[in-house]
Amino acid sequence: DALFLSAECQFFTDEYPGARKQYEGLLAKYTNSRYLDTSVQRLFAIAQYWEGVQAEEPRHIYKPNFSDDTRPRTNATSAAIEVYRKVYLNHPTGPLADDAILAIAAASFRDGRWEQADYHYTLLRNEYPTSKHQFDAHLLGLQAKFNRYQGPFYDKAALEECKKLAE
């Protein structure tokens, strides 16, 4: 209870890096906590906030943050991806697991990290077949696979995967 209330205090005072640490500590120590759903929801909200802030006010990856207590010290997008990963790993059957995987895939896609995007879209398609994100996982997964292809002098496995996915 104390870990959760400490995390909630930091969350509601907009000290998101500290709240993240407290929620993750709670989930690591008490995997079946009665606060699992709420903690995962809060972590997801923190990750969404960090992604939004980074999109509005981009910070260079090597420029640390020393003035804004709502942001992590390092790159906010990377921190958001780590938090999304914790969301689906700590509660893989929860209502936000597929949303977290889609968020990681989308961030990877935007950054041109095609293999990571492809991996997460594939994970979403295979592990969450009833997800509302299946259309996006198929369409953007196909694009990520196609973008992985490096030309006729390289391995054509990515193109064959594209063909299977399109079918």
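These figures come from a predicted structure and were not determined experimentally.

Details of unusual backbone geometry
For residues besides glycine, phi is generally negative; the peptide bonds are generally trans as well.
1) Next: For D14, which is not glycine, the phi torsion reads 60° and is therefore positive.
2) Next: With respect to the element layout, D14 can be found in the loop between α1 (2-12) and α2 (16-29).

So, helix α6 (residues 114-127)
1) Next: With 14 residues, α6 should reach 20 Å at 1.5 Å per residue; the first-to-last C-alpha distance of 20 Å fits that figure.
2) Next: Every buried residue of α6 is accounted for by A117, D118, H120, Y121, L123, L124 and R125.
3) Next: At its buried positions, α6 is contacted by α4 (76-90), α5 (97-110), α7 (134-148) and α8 (157-166).

Things to note about the packing of α2 against helix α3 (residues 36-56)
1) Next: Running from N to C, α2 and α3 cross one another at 145°; their axes reach a closest spacing of 10 Å. In the packing of α2 onto α3, the handedness of the crossing is left-handed. Seen from α2, the contacting residues are Y16, P17, A19, R20, Y23, E24, L26 and L27; seen from α3, they are L36, S39, V40, R42, L43, I46, Y49 and W50.
2) Next: For the contact of α2 with α3, the residue count by class is twelve nonpolar, one polar and three charged.

Criteria and thresholds
Residues numbered from 1 in each chain as written. Predicted model: local features only at pLDDT ≥ 70, side-chain atom pairs only at ≥ 80, totals over all residues. Heavy atoms only, no water. Helix = DSSP H or I, 4+ residues; strand = E, 2+ residues; numbered from the N terminus. Expected span 1.5 Å × (residues − 1). Buried < 20%, exposed > 50% of the residue type's maximum accessible area, 1.4 Å probe, protein only. Contact = heavy atoms within 4.5 Å. Axes fitted to C-alpha atoms, helices over the stretch in contact; angles between N-to-C directions. Left-handed = near helix turned anticlockwise from the far one by under 90°. Nonpolar A, V, L, I, M, F, W, Y, C, P; charged D, E, K, R; others polar.

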